[in-house]
Amino acid sequence: MFLLGCEEHWRLDENNLCEPCPAGTYKGAGSGPCLDCPVAKYTDEEGQSECRLAEPGTYVYDTGSSEAADCSAGTYSSTAASYCQVCAVGSYSGDRASE
């Protein structure tokens, strides 16, 4: 039996055909499944080797995310946030605010 090997960051599907890992997942070198991006990280493209950190002013609250969400007015976030924080009394942030 001949085993097919896939390129890095690709996986074997149920028909033993190579396909890129979908957005929201990543895979390093070697065999194995695609893994969901953890909270505060995402991939917005197929076939990625690592997940991207949520940028300041955005957040990723769930695993396997393919995009980061913007913080709403009156809230803010720093890099790699899983949620937005409410601004302190006497301060305000507009769209996509960061610390």
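The shown structure was predicted, so the numbers you read here are calculated from the model rather than taken from an experiment.

The subject of this paragraph is the state of the cysteines. Applying the stated criterion to the full structure yields three disulfides. Each disulfide pairs two cysteine sulfurs, and for Cys37 the partner residue is Cys51, the sulfurs being separated by 2.1 Å. On the sign convention where negative means left-handed, the S-S torsion of about -90° between Cys37 and Cys51 marks this disulfide as left-handed. Highlighted residues: Cys37 in the loop between strand E4 (35-36) and strand E5 (41-42) and Cys51 in the loop between E5 and strand E6 (52-53), separated in sequence by 14 residues.

With that out of the way, let us pick up the side chain of Thr43. Relative to the helices and strands, Thr43 resides in the loop between E5 and E6. A polar atom in the side chain of Thr43 sits 2.6 Å from the backbone nitrogen of Gly24. Of the polar contacts made by the side chain of Thr43, one reaches the backbone oxygen of Thr25; its length is 3.2 Å. In this view, Thr43 contacts Pro22, Ala23, Gly24, Thr25, Cys37, Gln48, Glu50, Cys51, Ser65 and Ser66; residues no more than four positions away in its chain are not counted.

The next point concerns the pattern of salt bridges. For the structure on display, the rule yields three salt bridges. A salt bridge links Arg11 to Glu19; its shortest N-O distance comes to 2.7 Å. Looking at Arg11, the relative accessible area reads 28%, which means it is partly exposed. Residue classification places Glu19 among the partly exposed residues on the basis of a relative accessible area of 23%.

Turning next to the environment of Ser82. With respect to the helices, strands and loops of the structure, Ser82 is situated in the loop between strand E9 (75-76) and strand E10 (85-86). Given the relative accessible area of 26%, Ser82 is considered partly exposed. Taking C-alpha positions, Ser82 is 5.0 Å from Tyr59, a pair spaced 23 residues apart along the chain. In contact with Ser82, not counting residues within four places along its chain, are Val39, Ala40, Tyr59, Val60 and Tyr61.

Relative to the helices and strands, Ser77 is located in the loop between E9 and E10. Here the side chain of Ser77 touches Thr58 through a polar contact of 2.8 Å, landing on its backbone oxygen.

With that out of the way, let us pick up the packing of aromatic side chains. A ring pair, where both rings are aromatic, is described by two values, the distance of the centres and the angle of the planes. Tallied over the entire structure, the rule returns one aromatic pair. Summarising the aromatic geometry, the rings of Tyr59 and Tyr61 are spaced 6.2 Å apart at their centres and angled 35° between planes, so their arrangement reads as tilted. On the basis of relative accessibility, which here comes to 21%, the residue Tyr59 falls in the partly exposed class. Looking at Tyr61, the relative accessible area reads 58%, which means it is exposed.

Another point: the confidence of the model for the chain. Summing up the model confidence of the chain, the mean pLDDT is 86 and the portion of residues at 70 or higher is 90%. When mean pLDDT is compared element by element in the chain, E5 scores highest at 98, while strand E1 (residues 10-12) scores lowest at 80.

Rules behind the numbers
Residues numbered from 1 in each chain as written. Predicted model: local features only at pLDDT ≥ 70, side-chain atom pairs only at ≥ 80, totals over all residues. Heavy atoms only, no water. Disulfide = S-S within 2.5 Å. Helix = DSSP H or I, 4+ residues; strand = E, 2+ residues; numbered from the N terminus. Polar contact = N/O pair within 3.5 Å; in protein donor to acceptor, adjacent residues only side chain to side chain. Contact = heavy atoms within 4.5 Å. Salt bridge = Lys/Arg side-chain N within 4 Å of Asp/Glu carboxyl O. Buried < 20%, exposed > 50% of the residue type's maximum accessible area, 1.4 Å probe, protein only. Phe/Tyr/Trp six-rings, centres within 6.5 Å; stacked < 30°, edge-to-face > 60°. pLDDT = per-residue confidence, 0-100.

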